[in-house]
Amino acid sequence: MAWRIGVDIGGTFTDVAVVDDASGRIGAAKTLTTPRDFVSGVLDALGSAMRAYGIAPGDVGLLCHATTVVTNALLEEKGARVGLVATRGFRDVLELRRSSRGDLYDLFQDPPATLTPRRRRFEITERIGADGQIATPLAETEIDGLIADLKAERVESIAVSLLFSFLNPAHEQSLGRRLRAAFPDIPVYLSSEVLPEIREFERTSTTTVCAYVGPILGSYLAKLEAATRQMGLPALYLMGSNGGVFEAPEGVAMPAMAVESGPAAGVVGAALVARQTGKLDLLSFDMGGTTAKASLIRDGRYETTPEYEVGGGSNVTRFMNGAGHPIRVPVIDLAEVSAGGGSIAWVDRAGALRVGPKSAGAEPGPVCYGRGGTEPTVTDCNLVLGYLGQQSLLAGTMALDLEAAAAAIEKRLAIPLGVDGRTAAAAVIDIVNHAMAEALKIVSVQRGHDPRDFALAAFGGAGPLHATALAEELGIASVVCPPIPGAFSALGLVGTDLRRDYVRTVYTTTATADPSVLEAAFRAMEAEGSAMLERAGIVAARRRFDRSVDARYAGQSYELNVPVAGGAVDAAAIGGIAEAFHRHHAKTYGHDNRAEPVQFVSLRLAAIGVIPPLAIRQQPAAPGARSAKPSREVWFRSTGMITAEVHDRARMAEGAVVDGPAVVESLESTILIPPGWQARMDGDGFILMARAKQGAAQ
């Protein structure tokens, strides 16, 4: 490959990261996001980056994209008109849900609205039994009437989820053929193709989510691919929620894979930081314009979870069930809160100061952007406190209006609270810092990890501004700010492998499992994965298949995922899987029961196309370069207003040390170094921060 390009759409800015494989040179570009037409913003950002770094379309070897189209459609409830077809008697499975609730103590809460109303949920007579055998044949005579009903409802996509189709897909496949023939211009999603896995509610929900967002994602990708091809760029890849990329057609076939596209890219980048800096235990902190995301890197690796909910006002992991629509696809395990630079601060009717969840986004944006915003945001408060300079954003090409920000804070916050503007701004920063610290606790303390044993990797446009405050609250000793932090998620896009996950439910125990049946199931998934990698042009030498099993003790409701060693599955391999499960159960829950037979529920396979590894390096300035800029007044709780040094990151030489209070500015982000902290530039362009009393940053 020559140049790699990653494009990440954020709530406020669209970021582009470029990497030259030949020289290791990296760069970034930022443009304002265009919510009314995301494709326009992506093309503007691509053009800006390619012009800035002299990149010809023919020199681009990899083009990856992280999109918010799927998430936005679900959160805003603006998806397609879905027709759902279920086994007779089971049309209401989406309504019945599970008993979990988002807020255990709120007796008046409503579950999120179903993605398709009851009038567009249809039934057909058929039944596959729990043993996979046909109990009631598919009523072929009902299909014509079903098609007529779907046409009358003017559906834009169709989801089919029949009972036990994961064991025997014959009825779904037969019905799917008829529906696809009758509706050649709309997508038909079969649960046996989307998620051949046990649990009818989660399988139906995942299939319906795909049908709900599929037409929107397909239209968006078709328009974007046509535009990038016209520019002469290579095939477009999407970032998946599992931390791997896949070709755009794969995303249209399984849209749920792209739910956490952007946040996943940031965690992938953080894992690269962990391995490159040797800080293998790392907390990833990504703060953008709309949200802040936290994840945990252990031994240089991130974890994924198959349990995720989206919609209902927020995206949540297993720590908050019942608030959204479940999807059973591997998702990088992260916590996300509505706390970003564009989060709006406001005073509620009880006179309490609140921040978020509403965001100013890119249109109109914070008040200081001068684009029509009237409500004060976190960015406005950072400007008033001196953390941001009026000419610090985008290398001064986007001037910030300090007077307008101060006036908005005074009117909307200070006067209602009965305090001065600076005190109000500081309180906003305290609130948003606390919310983000809670997200970091979710991925560390709630996992049984002590955050003091980890370093903090801070990126995103606003992450480095708040990093040291979070480190102090959690007792973290060191902070890492990678190169191009404001576009770091875009950089993570081009630093990962191509990946697609497959699953098959088998439902057997160690005592009854037939090794040949398990091996045949794994090989069938490998054949699917090989075909996908072949279509993507991945040569055999760069293909890898990782096997695992979801296992549990009989009577348990949920499973633990256990890796399967290479080689064919035989009796010895089954014993090894059981032993690994016992150890994993003891580590997770504090106990195991080796006398209990282990139940295998589902087999999983990750098909991986290995992309050459990425080294993150940004050449520091030449020795002796002067990075100092005019100093300015900055507010800290411990000092009040104090004069702080300001440095240009691009002019910092290797080994340069900056003592707080200070600010380090770059094209796409700003680093705040409070009193008592010290920052040092290393040879790869990373800025390492530590408390000064502990000596220079290590």
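What counts and what doesn't
- Residues numbered from 1 in each chain as written.
- Predicted model: local features only at pLDDT ≥ 70, side-chain atom pairs only at ≥ 80, totals over all residues.
- Heavy atoms only, no water.
- Salt bridge = Lys/Arg side-chain N within 4 Å of Asp/Glu carboxyl O.
- Helix = DSSP H or I, 4+ residues; strand = E, 2+ residues; numbered from the N terminus.
- Buried < 20%, exposed > 50% of the residue type's maximum accessible area, 1.4 Å probe, protein only.
- Pairing = 2+ DSSP bridges.
- Right-handed = clockwise from strand over helix to strand, strands pointing away.
- Core = buried A, V, L, I, M, F, W, Y, C linked by side-chain atoms within 4.5 Å.
- Contact = heavy atoms within 4.5 Å.
- Expected span 1.5 Å × (residues − 1).
- Polar contact = N/O pair within 3.5 Å; in protein donor to acceptor, adjacent residues only side chain to side chain.
- pLDDT = per-residue confidence, 0-100.
- Axes fitted to C-alpha atoms, helices over the stretch in contact; angles between N-to-C directions.
- Parallel < 35°, antiparallel > 145°, perpendicular 65-115°, else oblique.
- Left-handed = near helix turned anticlockwise from the far one by under 90°.

(A) Spatial organisation of the pattern of salt bridges. Applying the stated criterion across every chain yields a total of 42 salt bridges. For the salt bridge of Arg180 with Glu193, the shortest nitrogen-to-oxygen distance reads 2.9 Å. Of this pair, Arg180 sits in helix α5 (residues 170-182) while Glu193 sits in helix α6 (residues 191-194); the two residues are 13 residues apart in sequence, bridging distant segments of the chain. Arg180 sits in the partly exposed class, given a relative accessible area of 34%. Taken together, the shared-partner salt bridges connect Asp92, Glu95, Arg118 and Arg121 into one network.

(B) Inspection of the pairing of strand β35 (residues 687-691) at higher detail. Judged by how many residues are buried, β35 sits mostly within the fold: 5 of 5 residues are covered. Examined bridge by bridge, strand β24 (residues 478-481) and β35 share 4 bridges and lie antiparallel to one another. Bridge pairing in β35 places Cys481 opposite Ile687. Pairing geometry for strand β34 (residues 677-681) and β35, over 5 bridges, is antiparallel. Looking at the pairing, Arg680 lines up with Leu688 of β35. Between β34 and β35, which pair antiparallel one after the other, the connecting turn spans 5 residues, and Gly685 there sits at a positive phi close to 90°.

(C) Layout of the pairing of β24. Of the two faces of β24, the one lined by Ser478 and Val480 and the one lined by Val479 and Cys481 are each fully buried. Pairing between strand β23 (residues 455-459) and β24: 2 bridges, direction parallel. Each residue of the ladder has a partner; that of Ala457, found in β24, is Val480. Between the parallel elements β23 and β24, the chain passes through helix α13 (residues 463-474) in a crossover that is right-handed.

(D) Representation of the nonpolar core in the model. Within the largest apolar cluster, 70 residues are counted, with the highest numbers of intra-cluster contacts made by Phe285, Leu456, Val479, Ile673, Ile687 and Met689. For this core, the element with the highest residue contribution is helix α12 (residues 421-443), accounting for 11 residues. Sequence-distant contacts of Ile687, that is, excluding residues within four places in its chain, are made with Val479, Val480, Cys481, Arg649, Met652, Val664, Ile671, Ala679, Arg680 and Met681. Counting 67 residues, the second-largest nonpolar core is a separate cluster that includes Val245, Leu493, Leu498 and Phe600.

(E) Examining α5 more closely. An ideal rise of 1.5 Å per residue puts 18 Å on 13 residues; α5 measures up with 19 Å between its terminal C-alpha atoms. Of all the positions in α5, only His171, Glu172, Ser174, Leu175, Gly176 and Leu179 are classed as buried.

(F) Quick peek at the side chain of Ser602. Following the sequence through the fold, Ser602 ends up in strand β28 (residues 598-609). At 3.0 Å, the side chain of Ser602 forms a polar contact with the side chain of Thr505.

(G) Representation of the confidence of the model for the chain. Confidence along the chain averages 90 in pLDDT terms, with 96% of residues attaining 70 or more. Under a pLDDT of 50 for its full length, residues 313-320 has, in the predicted model, 26 contacts with residues more than four places off or in other chains.

(H) Focus on the packing of helix α1 (residues 38-52) against helix α7 (residues 200-230). It is at 10 Å that the axes of α1 and α7 come closest, and there the two elements cross at 30°. If you check the angle between α1 and α7, you find them roughly parallel. Between α1 and α7 the crossing geometry is right-handed. On α7, the residues touching Phe38, Val39, Val42, Leu43 and Leu46 of α1 are Tyr220, Lys223, Leu224, Ala227 and Thr228.

(I) Examining the side chain of Arg500 more closely. Tracing the sequence through the fold places Arg500 in strand β25 (residues 498-509). Overall, Arg500 belongs to the buried group, its relative accessible area being 11%. Within the structure, the side chain of Arg500 is placed 2.3 Å from the side chain of Glu250, a separation counted as a polar contact. Setting aside residues no more than four positions away along its own chain, Arg500 makes contact with Glu250, Met254, Met257, Met532, Leu605, Ala606 and Ala607.

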